[in-house]
Amino acid sequence: MTPPIPSDAGPTGKLRLGVNIDHVATIRNARGGDHPDPVRAAEIVAAVGGDGITAHLREDRRHIRDDDLARIQTATDLPLNLEMAATDEMLEIALRHKPHAACIVPEKREERTTEGGLDAAGQHNRLVPIVSRLLDAGIRVSLFIAPEVRQIEAAMRLKVPVVEFHTGEYAHATGEDCAAELKRIADMAALAARNGIEPHAGHGLTYENVQPIAAIPQLAELNIGHYLVGEALFVGLEAAVRHMRELMDAAR
Ligand code: PXP
């Protein structure tokens, strides 16, 4: 029998939408000033019924900056999901800010975005102390991994409560490859849930491709950023988040 999923999703099992506001900060940073402020984006997400704010503090601070974290935490009651590399610097920042959740992501300085999943299996020894210190601080730890059995097994060994599947390959694939990738994510979501790990998903999700992912019953949360911020240029962030929410709800 499948055990109940330990979940942030609540008793209804509603699929949560975490909005990644990094690229509001990317636009701000292009001119080095204060506008547009990612905090204002977080407030809009809260007002429109988003379930969480996701932000990636990168080593090079190319989007969210250190002071944004505290400002986001003060401005809204929404849970903050801090995406972070497995480094001592980021661990120290996470422990200082105590976000609701921390999602450990791989990070390469030269990449344009997080290109693949974390090799949780290969980096077990590096991850053990970081994961345990985050968990000891009461932070819900997630690993951003490819939908692969060996990565889920590594997550089980690390005793993390959450994994987030990288949906980039699904988002970029077409035809049969896309269907195969979708099946892989669905199978791995079921495997994670059977083993007591709450599965999330994100990366590259859009109005066009979100629904098959949202229909996977074990998934508890989607984290979506770049597309929503881009769409917000045309329709506003409020309308963009609302429409994504409607599509997700309709897929369940
Ligand atoms: N989830 C994680 C862990 C991420 O690192 C990112 C950003 O790369 C996202 C979700 C959101 O991806 P996107 O901006 O493509 O929607």
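Our subject is the structure listed above.
Before going into details, it helps to say that this report is about the structure given with it.

Cut-off values and rules
- Sequence order sets the numbering: in each chain, residues are counted from 1 along the sequence as written.
- Local features are withheld for residues below a pLDDT of 70 in this predicted model, meaning they are given only at 70 or higher, and side-chain atom pairs are given and counted only at 80 or more; totals for whole chains, interfaces and linings count all residues.
- No hydrogens and no water enter the side-chain calculation; it runs on all heavy atoms of the structure.
- Aromatic rings from Phe, Tyr and Trp, taking only the six-membered ring of Trp, are treated as a pair when their centres fall within 6.5 Å; an angle between ring planes under 30 degrees marks them as stacked, one over 60 as edge-to-face, and anything in between as tilted.
- Numbered from the N terminus, helices here are DSSP runs of H or I no shorter than four residues, and strands are runs of E no shorter than two.
- Residue exposure (1.4 Å probe, protein chains only): buried if accessible area is under 20% of the type maximum, exposed if over 50%, otherwise partly exposed.
- Note on definitions. A residue lies near a molecule or strand when any single heavy atom of the residue is within 4 Å of it.
- Any N or O atom pair separated by 3.5 Å or less is treated as a polar contact, with the protein-specific requirement of one donor-capable and one acceptor-capable atom, and with residues adjacent in sequence counted only for side-chain atom pairs.
- In this description, accessible areas are obtained by the Shrake-Rupley approach with a 1.4 Å probe, and a residue is regarded as covered only by the protein chains that are shown.
- Amino acid classes used here: Ala, Val, Leu, Ile, Met, Phe, Trp, Tyr, Cys and Pro are nonpolar; Asp, Glu, Lys and Arg are charged; the rest, including Gly, are polar.
- Following DSSP output, two strands are said to pair if at least two bridges run between them.
- Here, axes are lines fitted to C-alpha atoms. For helices the fit covers the stretch in contact, and angles between N-to-C directions go from 0 to 180 degrees.
- Whether two residues are in contact is decided by their heavy atoms: any pair within 4.5 Å suffices.

## Focus on the packing of aromatic side chains
Then, number 1: All chains considered together, the criterion is met by one aromatic pair.
Then, number 2: Between the aromatic rings of Tyr 207 and Tyr 227, the centroid separation amounts to 5.0 Å while the plane-to-plane angle is 75 degrees, which identifies the pairing as edge-to-face. Pair noted here: Tyr 207 is in the loop between β7 (198–202) and α9 (210–214) and Tyr 227 is in helix α10 (residues 226–235), with a separation of 20 residues, a long-range link.
Then, number 3: In this structure Tyr 207 comes out as buried when scored by relative accessible area, which is 14%.

## Looking at the site of the ligand
Then, number 1: Taken together, 14 residues are adjacent to the ligand, and Glu 83, Glu 164, Gly 204, Gly 225 and His 226 come closest.
Then, number 2: Separating an oxygen atom of the ligand from a side-chain N or O atom of His 203 is a distance of 3.1 Å.
Then, number 3: Between the ligand and His 226, the relevant distance is 2.8 Å, taken from an oxygen atom to a main-chain nitrogen or oxygen of the residue.
Then, number 4: Taking 400 Å² as the accessible area of the ligand by itself, protein coverage stands at 95%.
Then, number 5: Its residues placed into classes, the shell around the ligand shows four nonpolar, eight polar and two charged.

## Some words on the environment of Arg 62
Then, number 1: Position of Arg 62 relative to the elements: it lies in the loop between β2 (52–56) and α3 (66–75).
Then, number 2: Sequence separation between Arg 62 and His 172 is 110 residues, and the spatial gap between their C-alpha atoms is 24 Å.

## Description of the sheet that holds β2
Then, number 1: Around the barrel, eight strands lie side by side as β1-β2-β3-β4-β5-β6-β7-β8; this closed barrel has parallel pairing. Looking at each pair of strands side by side, their axes are set apart by 25 degrees on average, direction ignored.
Then, number 2: Sheet analysis places strand β5 (residues 140–145) next to strand β6 (residues 162–166), joined by four bridges and oriented parallel. Counted as the bridge partner of Leu 143 is Val 163 from β6.
Then, number 3: Against the sheet, helix α5 (residues 124–136) contacts β3 (80–84), β4 (101–104) and β5, and its axis sits at roughly 170 degrees relative to β4.

## Regarding the side chain of Ser 142
Then, number 1: Tracing the backbone through its elements, the reader meets Ser 142 in strand β5.
Then, number 2: Residue Ser 142 is classed as buried on the basis of its relative accessible area, which comes to 4%.
Then, number 3: In contact with Ser 142, not counting residues within four places along its chain, are Ala 102, Cys 103, Ile 104, Val 162, Val 163 and Glu 164.

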